Amino acid sequence: MTRIDLRDVAAGLFICLVGAAFVFGARSLGFGSARNMGPGFFPTMVGLVTIGLGLVILVFGLTRAAARIEIEIRPAAVILVAVLLFAVLIANVGFLPAAFAAVLVASHADERPRLLPTLVLAAATAVAVWLLFAKILGLPLPAFRGTSPWI
Amino acid sequence: MDLIANLALGFQSALSPSTLLFCLLGVTTGMVIGALPGIGSLAAVSLLLPVTFYITPTDALVMLAGVYYGAEYGGSIASILLNLPGTTSSIVTCLDGHPLAKQGRAGVALFMTTIASFFGASIGIIVTVLAAPALAEAALAFGPADYFAVMMLGLIAAASVSQGTPIKGVAMVLVGILLGSVGSDVETGATRFTLGFPMLSDGLSLVALAMGLFGISEIIASIRLARGSEHYQGRITLRSMLPARQEARDCVAPMTRGTVIGSLLGALPGTGPTLASFIAYAVEKRTARQPERFGKGALEGIAAPEAANNAAAQTAFIPTLTMGIPGSATMALILGALMIHGVQPGPLIMTKHPEVFWGVIASFWIGNLMLLVLNIPLIGIWVRMLKVPYALLYPVIVCLICTGVYSVNNSVFDVFLVLVIGAVGYGMRQVELDPAPLLIGFILGPMMEENFRRALLLSRGDFWVFLERPISASLLVVTALLIGLVTWRTLAPRLRARSVSGMHVE
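Rules used throughout
- Residues numbered from 1 in each chain as written.
- Chains lettered and ligands numbered in written order.
- Predicted model: local features only at pLDDT ≥ 70, side-chain atom pairs only at ≥ 80, totals over all residues.
- Heavy atoms only, no water.
- Contact = heavy atoms within 4.5 Å.
- Buried area = accessible area lost by both parts, 1.4 Å probe.
- Salt bridge = Lys/Arg side-chain N within 4 Å of Asp/Glu carboxyl O.
- Polar contact = N/O pair within 3.5 Å; in protein donor to acceptor, adjacent residues only side chain to side chain.
- Helix = DSSP H or I, 4+ residues; strand = E, 2+ residues; numbered from the N terminus.
- Nonpolar A, V, L, I, M, F, W, Y, C, P; charged D, E, K, R; others polar.
- Buried < 20%, exposed > 50% of the residue type's maximum accessible area, 1.4 Å probe, protein only.
- Domains from an automatic or database assignment.
- Phe/Tyr/Trp six-rings, centres within 6.5 Å; stacked < 30°, edge-to-face > 60°.
- Expected span 1.5 Å × (residues − 1).
- pLDDT = per-residue confidence, 0-100.
- Axes fitted to C-alpha atoms, helices over the stretch in contact; angles between N-to-C directions.
- Parallel < 35°, antiparallel > 145°, perpendicular 65-115°, else oblique.

Draft legend 1. View of the interface of chain B and chain A. Taken together, the contact between chain B and chain A spans 66 residues of the former and 66 residues of the latter. Summed over both sides, the interface between chain B and chain A buries roughly 5900 Å², with carbon and sulfur atoms accounting for 79% of that surface. Where chain B touches chain A, the interface holds two salt bridges. Between B:Lys168 and A:Asp8 there is a salt bridge; the shortest N-O distance is 2.6 Å. The interface formed by chain B and chain A holds seven residue pairs in polar contact (both at pLDDT 80 or more) in total. At the level of secondary structure, the elements contributing two or more residues to the side of chain B that touches chain A comprise α8 (166–180), β2 (191–192), α9 (206–227), α20 (390–409), α21 (412–430), α22 (435–458) and α24 (470–505) of chain B. Counted by class, the side of chain B that touches chain A contains 45 nonpolar, 11 polar and 10 charged residues.

Draft legend 2. Representation of the side chain of B:Thr19 within the structure. All names here are of chain B. Note that Thr 19 resides in helix α2 (residues 17–35). Residue class for Thr 19 comes out buried when judged on its relative accessible area of 3%. A distance of 3.2 Å separates a polar atom in the side chain of Thr 19 from the backbone oxygen of Ser 13. Side-chain polar atoms of Thr 19 contact the side chain of Ser 16, separated by 2.8 Å. Excluding residues within four positions of it along the chain, Thr 19 makes contact with Ser 13, Ala 14, Asp 59 and Val 62.

Draft legend 3. A look at the domain arrangement of chain A. As assigned here, chain A comprises domain 1 (6–62) and domain 2 (73–136). Distance from the C-alpha centre of domain 1 of chain A to the C-alpha centre of domain 2 of chain A: 38 Å.

Draft legend 4. Molecular detail of the packing of aromatic side chains. Scanning the entire structure with this criterion turns up 15 aromatic pairs over all chains. Summarising the aromatic geometry, the rings of B:Phe357 and B:Trp358 are spaced 5.0 Å apart at their centres and angled 85° between planes, so their arrangement reads as edge-to-face. The same class applies to B:Phe357 and to B:Trp358, which are both buried. In this structure an aromatic cluster arises from ring pairing among A:Phe42, B:Phe148, B:Phe452, B:Phe463 and B:Phe466.

Draft legend 5. Molecular detail of helix α14 (residues 300–315) of chain B. If you check α14(B), its first and last C-alpha atoms are 22 Å apart, about what 16 residues at 1.5 Å a residue would give, namely 22 Å. For α14(B), the tally of buried residues reaches 16 of 16 residues, placing the bulk of the element in the interior.

Draft legend 6. Region of interest: helix α5 (residues 115–136) of chain A. Helix length check: α5(A) (22 residues) gives 30 Å between terminal C-alpha atoms against 32 Å at 1.5 Å per residue, within 8%. If you check which residues of α5(A) are buried, you get A:Thr118, A:Leu121, A:Ala122, A:Thr125, A:Ala126, A:Val129, A:Trp130, A:Phe133 and A:Ala134. Here the buried face of α5(A) lies against α4 (95–106) of chain A together with α20 of chain B. Once α5(A) ends, the next one or two residues include A:Gly138, with phi positive near 70°.

Draft legend 7. Structural view of the pattern of salt bridges. One pass over the structure, following the stated rule, counts 13 salt bridges over all chains. Residue B:Arg469 pairs with B:Asp146 through a salt bridge whose shortest N-O separation is 2.8 Å. In this pair, B:Arg469 is assigned in the loop between α23 (465–468) and α24 and B:Asp146 in helix α7 (residues 144–160), connecting sequence segments 323 residues apart. Taking the relative accessible area as the measure of exposure, B:Arg469 reaches 32% and is therefore partly exposed. Take B:Asp146: its relative accessible area is 0%, and that puts it in the buried class. In this structure, a network of salt bridges that share partners links the residues A:Asp5, A:Asp8, A:Arg64 and B:Lys168.

Draft legend 8. Here's a closer look at the confidence of the model for chain B. Residues with a pLDDT of 70 or more make up 95% of chain B, whose mean pLDDT is 85. This model gives residues 502–506 of chain B a pLDDT under 50, and the stretch forms zero contacts once residues within four places in sequence are excluded.

Draft legend 9. Quick look at the packing of helix α3 (residues 73–92) of chain A against α4(A). All names here are of chain A. At a closest axis distance of 8 Å, the pairing of α3 and α4 adopts a crossing angle of 170°. Judged on the interaxial angle alone, α4 and α3 are roughly antiparallel. For the pair formed by α3 and α4, the contact residues are Val 78, Ile 79, Val 81, Ala 82, Leu 85, Phe 86, Leu 89 and Ile 90 on the first element and Phe 95, Pro 97, Ala 98, Ala 99, Ala 101, Ala 102, Val 105 and Ala 106 on the second. Looking at the contact of α3 with α4, its residues break down into 16 nonpolar, no polar and no charged.

This is the structure we're talking about:
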């Protein structure tokens, strides 16, 4: 048990931050008047209410005891690295290596798998998804590419 | 008769070979994803969203709708066999479904859920056919202020039935509205909150947002969950599926009550199948002659909620299609897909795109018949599929998500966006912030802002316009009552606890 509800405190802070970011970002946009609103009017109003609700959640969280938060780092980190690799590789090397790497890495999210079946799964998935998207659905998905990023 | 001519038009477009194919693809994908624990219909719809950009609006909507109600059928299979709900609306099905499976009666449970689902869905479709045109006609009288008020009611309703506390739900709706304002302002053309990225000038990608919040973060959350589940060992034969005659007869009244509850709640904007299934279960338990049987394998306890969630899944299309107001987060995604295709949901959809509207309604009947076949004669396939280890499935799903997001705009930026949103989404789950209201806010936000600005422009800046129009005023009164009720129900236990502890000190 923790003396304050860390979940609600974190949630409240997060919500306040989002609201504040938008209110801050809307300062440079025209506010206008109720009769003729500028682009900043609506986001500012919504942002202010968001900050208010975030504060209420935060205060509730500070006045209540709750169970600890248990965060599983490994699955989260591994899956996110898999997506990152996919993004970097598809921009520079092409779809097949990107998909292969993503499946290979993602397989390690729970525990270390046996290597050979995982390699087979990664290769088979990359080819099958490429055939489905590029050949059957006809989307432009280069299997391999040169060194031109951001396409 | 107009209705018959319309339905004929609908079946004509729903029975074309390509539409039939996409309907089958949709309901099968829905079954697969619904049956897999951890990922629900939202992830399934967002996975297929990129595909819909390359087909006609009717085929796209038929397929996505099929995924949606297919997942309602599939969700109950994992509930019964593994005690892990495949979708949120099949959580209550675990309560009595899994005890039945433990008693060796999984077949009967699966049969009853299918029949109840089919029954609920069929009535839901009839309600949709009858009610949608009437509502569309009424919605023609709606001005901008009224639309704003309906959306407000829908958002508050969605927030108050979300998982976690209602105040967090409302906050998530607002965060969604803020995220929805990224991109070009419709009226002035000014770019807002793009942080200098030209890729954001069209707004955040809906697919990236949905895949990040419901694909990536759900997979991360379910990897460890799925490992602990036990597998169902028995075999399911057709003969073992048939319930005794008396049992079947006892389920007729619960199914009917469930259907009525589901049809009503589904049609309200913001609520949807999950709430319907919970209420249907509670009603059955309360009206039962032997309430102690519930939770130990009462067939009525699965028949009523399954009828309710499937009826609600169908009637949720009424506000979505006729007013453009989604009944649930999945509906919001389907709405987004429609708008990408240039079909503006709203009261004019029936006159402007009758082949889309009636085609989709007709496809519901066809899709539900397909699901009946998939669930009774072919049940063995699904039972076997649940034996595939999750460790082999989720890496493939991660790959599909990345590919899907990338292929919408051939944009590496969107894949990075999924990465960021997935990480934030996982964090949000850990602090009990439900991402579903966020998505509803994201889709409704821009429409709300547009109607808010238009209403005040017409009234020359006078805020009373929202209370002067009868439709808008009564909707806002209902919204205020709802806010009051929810606030009271959140605060009352706290205050009571405080006064009790205060007395204790004295």
